[in-house]
Amino acid sequence: MTTNGIAIDAKNLVKIYDRGSERIAAVNDISLQIRTGEYVSFVGPSGSGKTTLINLLGCLDNPSAGSLAIAGTEIFGEGRTLSERMLTTIRRERYGYIFQNFYLIPTLTVLENVTLPFAFYRKENARDDIDRLLSHLGLEGRTGHLPGQLSGGEMQRVAIARALVNRPEILLADEPTGNLDSARGAEVGAVLKRLNEEEGITVITVTHNPALAATAGRTIEIRDGRIAERAVTPPA
Amino acid sequence: MITIRTIAYKNLLRKKTRTILTVVGIALSAWVLSSLFGFNRGYESALNKDIDNMGFQIMVTAKGCPYEAATLMLKGGTGLRYMNEDIMKDVLKHQEVKQITPMLMQAVFDPNKGESGGMSAYLGVDPTTIASMKGFLEFKQGAWFTNPEGLEVVMGYEAAELEQREAGDLLLVTPQPGKSVELKVVGILKRTGTQDDGTIFIPLKTLQRLFNNTGKITSIGVKVQKEADIAAFEEKLYQLPDVQVVSLVQVKRTIISLVATARVMVLSIAVIAILIAMIGVINTILMSVYERYQEIGIIKSMGAMPGDVFRLVWIETMILCLVGGVIGNAAAVALAQATDVLIKRLLPYTPTGSIVQIDATLFAVTTAIIVGVGILSGLYPAWKASRVRPLEAIRGEVS
Ligand SMILES: Nc1ncnc2c1ncn2[C@@H]1O[C@H](COP(=O)(O)OP(=O)(O)OP(=O)(O)O)[C@@H](O)[C@H]1O
Ligand SMILES: [Mg+2]
């Protein structure tokens, strides 16, 4: 397998949950490739397995079967699972995560929240132009505020800034606009789009928001743990 | 720019009341611990000082209960037994004796003392021998008696403070109802930190005359020759009829055994105090870990290793314990005197000096113990937090 241009290469990914006597294949034999610098959005009905899939692609969880390679390096495969420490090492090198519920720390200021990752890990090429990052995201003049003093849209932009300080190669966002009204949602969508286009970050989102899905270069529909027969947009 | 320590510190400010309550709990146990340790070491040294400052090593008293004798020796008491002064000759015969001094202890009710009156301790002493027996006593004002049978007193430092007397003032004593006598204060002693501070010294003959106790004494203090075998000498003294021989070594042992029971109780309280503080800390930290499950998950998705999260929670515990420990210890130092008074009320006999001694070493030791408790209490919550998986945080939003 060649690494050229492939950020994520998933083959026959399966994730099975045991629910009492029932066994649910939340992700059922999904294979896909995501190119470096691509912007992919997963859509599909509730419970179809989007979150489960994006967690596997983001190395947040071990698959039950199948293999996953990140930038040509096989992470999971042949039934191999990784320890939390190993996963952490991979995650902090390559990924930034954004969630529906922002999860800012309420006692820390905007600036402290944004630079929080540095308390644990600072990548060699980490951003030191935090001020510029913040003003890019329309957060200038907000650095000293506490999360409680911000609007939902601002909180999500703080969370995005936080995901970016260590310059991730891949940005994962699970329902990033789920808690925002359409105007704020559109702002966040524009930010993701710009990051993808201007900085070349690979962006992967899960969303119910058609407007957000439309900003992606490729939209993939998930149904019952599988990629739907008809992908909404073909690979660009 | 931001460190794990900052996060820990700011997190504690999140629920201020809870943090303060926990710190207060730790401070209380630190205070109890520190005070008890201070008492443990202070009591014995105060006792030793009291005994060394008596000026003699053996006391001969009338036969009676040994505890009573021990108490009598150090503090004076009621229900005293009297001996005839003739017995002094028999004691003096022994070659081990360097010097002796007779004493007559008299507790007198003084209606003017305190709010509802109180007992004053008069000690009749022999003006010719007392000065050399208790050569370490120094005068703040005046000097020993001018007349061996005079109506004169020398007051201990605290006795003088209490009665507000200066040398040259008069002191009224009422040996029998309706019959008051004026005594002249001829001297006031400097503070010694022993029972002498609370004593009113009066010539033996005067005291005997005032209280119709002619020829009677309550005890004889015996200063022993340096090279003498005290144990053997005690045996010899027991040949005398109806006497009790109390050596200071024995007194000390008696008192320490009396206090030992109290001490065991007190140490159990300390252990309980520590346990309570520990449970409080574990509860607080564990609750804050549960509340922050998702946050911790997010922190881990940012690249925090299990060890980082462990440290974060552990530091929170340490801050709580360090702050609580220092406050509690500082309170113990600041309130040592109050504790002193409290303990003195609880114990059957306590030496005169300060019995709660807290110094820098003790401060450091108890703080270290409390922090040690913190380290232990933090282990489980920190471990629990370190095992949170980022996925759990994300699942939280699914529901
Ligand atoms: N931890 C779990 N244990 C058991 N079953 C789970 C677990 N997580 C998800 N599932 C199940 O797996 C299936 C897929 O869930 P998933 O969260 O991936 O769906 P989703 O597409 O993200 O849905 P939504 O759009 O509502 O977020 C569902 O049936 C869900 O109930
Ligand atoms: Mg989902």
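Residues numbered from 1 in each chain as written. Chains lettered and ligands numbered in written order. Predicted model: local features only at pLDDT ≥ 70, side-chain atom pairs only at ≥ 80, totals over all residues. Heavy atoms only, no water.

### Things to note about the interface of chain A and chain B
Phase 1: Counting residues at the interface gives 31 residues for chain A, matched by 30 residues for chain B.
Phase 2: Of the roughly 3000 Å² buried at the junction of chain A and chain B (both faces included), carbon and sulfur atoms supply 66%.
Phase 3: The tally of links from chain A across to chain B stands at 3 salt bridges.
Phase 4: Remark: the boundary between chain A and chain B carries 4 residue pairs in polar contact (both at pLDDT 80 or more).
Phase 5: For the side of chain A that touches chain B, the element with the highest residue contribution is helix 2 (residues 84-94) of chain A, accounting for 6 residues.
Phase 6: Counted by class, the side of chain A that touches chain B contains 15 nonpolar, 8 polar and 8 charged residues. (Contact = heavy atoms within 4.5 Å. Buried area = accessible area lost by both parts, 1.4 Å probe. Salt bridge = Lys/Arg side-chain N within 4 Å of Asp/Glu carboxyl O. Polar contact = N/O pair within 3.5 Å; in protein donor to acceptor, adjacent residues only side chain to side chain. Helix = DSSP H or I, 4+ residues; strand = E, 2+ residues; numbered from the N terminus. Nonpolar A, V, L, I, M, F, W, Y, C, P; charged D, E, K, R; others polar.)

### Describing the site of ligand 1
Phase 1: Residues in close proximity to ligand 1 total 13 residues, the closest being Ser 46, Gly 47, Lys 50, Thr 51 and Thr 52 of chain A.
Phase 2: Nearby residues around ligand 1 are contributed by chains A and B.
Phase 3: In the model, an oxygen atom of ligand 1 is placed 2.6 Å from a nitrogen or oxygen of the Thr 51 of chain A side chain.
Phase 4: The fraction of the free accessible surface of ligand 1 (630 Å²) that becomes covered by protein chains is 76%. (Near = heavy atom within 4 Å. Areas by Shrake-Rupley, 256 points an atom, 1.4 Å probe, with all protein chains shown as cover.)

### A word on the sheet that holds strand 10 (residues 226-227) of chain A
All names here are of chain A.
Phase 1: If you walk across this open sheet you meet the 6 strands as 6-7-8-3-9-10, and the pairing is mixed. The open sheet is flanked by strand 6 (95-99) and strand 10, the only strands paired with a single partner.
Phase 2: Bridge count between strand 6 and strand 7 (residues 170-174): 5 bridges; the pairing is parallel. Considered in strand 7, the bridge of Ile 98 is made with Ala 173. (Pairing = 2+ DSSP bridges.)

### Some words on the domain arrangement of chain B
Phase 1: You can read the domains of chain B as domain 1 (4-49 + 259-395) and domain 2 (64-241).
Phase 2: Using C-alpha coordinates to define each centre, domain 1 of chain B is positioned 49 Å away from domain 2 of chain B. (Domains from an automatic or database assignment.)

### Observations regarding the packing of aromatic side chains
Phase 1: Enumeration over the complete set of coordinates arrives at 10 aromatic pairs over all chains.
Phase 2: Their ring planes at 85° and their centres at 5.8 Å tell us that Trp 144 of chain B and Phe 201 of chain B sit as a pair that is edge-to-face. One end of the pair, Trp 144 of chain B, is in the loop between strand 5 (139-142) and strand 6 (152-155); the other, Phe 201 of chain B, is in strand 9 (residues 199-203), and 57 residues separate them in sequence. Side by side, Trp 144 of chain B and Phe 201 of chain B carry an identical accessibility label, which is buried.
Phase 3: When the centroid spacing of 6.0 Å and the interplanar angle of 40° are considered together, the rings of Tyr 290 of chain B and Tyr 293 of chain B count as tilted.
Phase 4: Note on Tyr 290 of chain B: relative accessible area 42%, which makes it partly exposed.
Phase 5: Relative accessible area serves as the criterion here: at 26%, Tyr 293 of chain B is assigned to the partly exposed category.
Phase 6: Chaining the aromatic ring pairs together yields one cluster made of Tyr 95, Tyr 97, Phe 99 and Tyr 103 of chain A.
Phase 7: The ring of Phe 118 of chain A carries the charged tip of Arg 122 of chain A above its face, separated from the ring centre by 4.1 Å. (Phe/Tyr/Trp six-rings, centres within 6.5 Å; stacked < 30°, edge-to-face > 60°. Buried < 20%, exposed > 50% of the residue type's maximum accessible area, 1.4 Å probe, protein only. Lys NZ or Arg CZ within 6 Å of the ring centre and 35° of its normal.)

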